[in-house]
Amino acid sequence: AKTDFLANMSHELRTPLNAINGYAQMMEAQLYGPMGDRHYLEYVKHIHESGDHLLSLIDDILDLTRVEAGKTKVRDEVITLSEVVDAGLRFLEPRIREKKLAVTVPPAETWPDLKADPRMVRQMLLNLLSNAMKFSPPESRIEVSGDRDSDGGLNVVVSDTGVGMSAGEMEIALERFGQVENSLSSNNEGTGLGLPLANALVIAHGGTFELESIKGIGTKAVFTLPLAQPTI
């Protein structure tokens, strides 16, 4: 009953929220003429940003409740992982630029194709990149890498040189709605669903998810998914 309620509530909230975001975006672009006082433009920008943030939280709750209810359908498609990584970095680029973070990724041609659900893989990577960005101090480093494992799967790694976590804090971070308190947490909003959702989506693919972290040194998140079958 709880899962059905959360799924239905999350779905119903998306409709009015999409309308709010759409109108805010139109006003921010001043499609029908200037707004007048500059304060109104600032207010509209805040409305748009808050709406986007709330929509992302709703999407996380909806995805997690679907996984828990066993209603997640994985669409196996051959996807180009470098394009998924680039899309995630473009989405986070303003905040990455604001914190002056150095992000390194492998050359596009070194990534093998991956057989997985495109939307879910985008969500996994976006959640891991977002976490790495949130809990990294200004001018630190984030690295995305990938390699084949011994069983022929693909390991995708997102590592940072941020605040890191103790073993107990990692357990909290992997719990639904778990929030780890640290020097950067007060400046970062969220529900604590990023890592649990990434873990759930990886498991839905039959893959594995691992988290390694050292307090004060940084965090490394690794998920492994099967590679696409070669085309003949």
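Reference entry: report on the structure contained in this document.

So, how was this worked out
Residues numbered from 1 in each chain as written. Predicted model: local features only at pLDDT ≥ 70, side-chain atom pairs only at ≥ 80, totals over all residues. Heavy atoms only, no water. Pairing = 2+ DSSP bridges. Helix = DSSP H or I, 4+ residues; strand = E, 2+ residues; numbered from the N terminus. Axes fitted to C-alpha atoms, helices over the stretch in contact; angles between N-to-C directions. Contact = heavy atoms within 4.5 Å. Buried < 20%, exposed > 50% of the residue type's maximum accessible area, 1.4 Å probe, protein only. Core = buried A, V, L, I, M, F, W, Y, C linked by side-chain atoms within 4.5 Å. Expected span 1.5 Å × (residues − 1). Polar contact = N/O pair within 3.5 Å; in protein donor to acceptor, adjacent residues only side chain to side chain.

Quick look at the sheet that holds strand β7 (residues 218-226)
The five strands lie next to each other as β2-β4-β5-β7-β6, forming an open sheet whose pairing is mixed. Every other strand in the sheet has two partners, leaving β2 (102-104) and β6 (208-214) as the edge strands with one partner each. Strand after strand, the sheet turns through a mean of 10 degrees between neighbouring axes, direction not considered. Strand direction decides the pairing type here: β6 and β7, joined by seven bridges, are antiparallel. Paired with Glu212 across the bridge in β7 is Lys220. Across the sheet, helix α6 (residues 194-204) lies against β6 and β7, angled at about 145 degrees from β6, the strand it touches most.

Brief notes about α6
The periodicity of an α-helix, 3.6 residues per turn, causes residues three or four positions apart to be oriented the same way. Counting buried positions along α6 gives eight out of eleven residues, so the element sits mostly inside the fold. Backbone geometry just after α6 places Gly206 at a positive phi near 80 degrees.

Regarding the nonpolar core
Of all hydrophobic cores here, the largest spans 41 residues; its most connected members are Leu81, Val121, Leu125, Phe209 and Phe223. Counting residues per element, this core draws most heavily on helix α4 (residues 118-134), which supplies eight residues. Aside from chain neighbours lying at most four places away, what touches Leu81 is Trp111, Pro112, Leu114, Val121, Leu125, Leu154 and Val156.

Notes on α4
Along its 17 residues, α4 runs 24 Å from first to last C-alpha, staying within 8% of the 24 Å computed at 1.5 Å per residue. With 13 of its 17 residues buried, α4 lies for the most part within the structure. You can read the cap of α4 off the contacts: a side-chain oxygen lies 3.1 Å from the backbone nitrogen of Arg119, and it is on Asp117.

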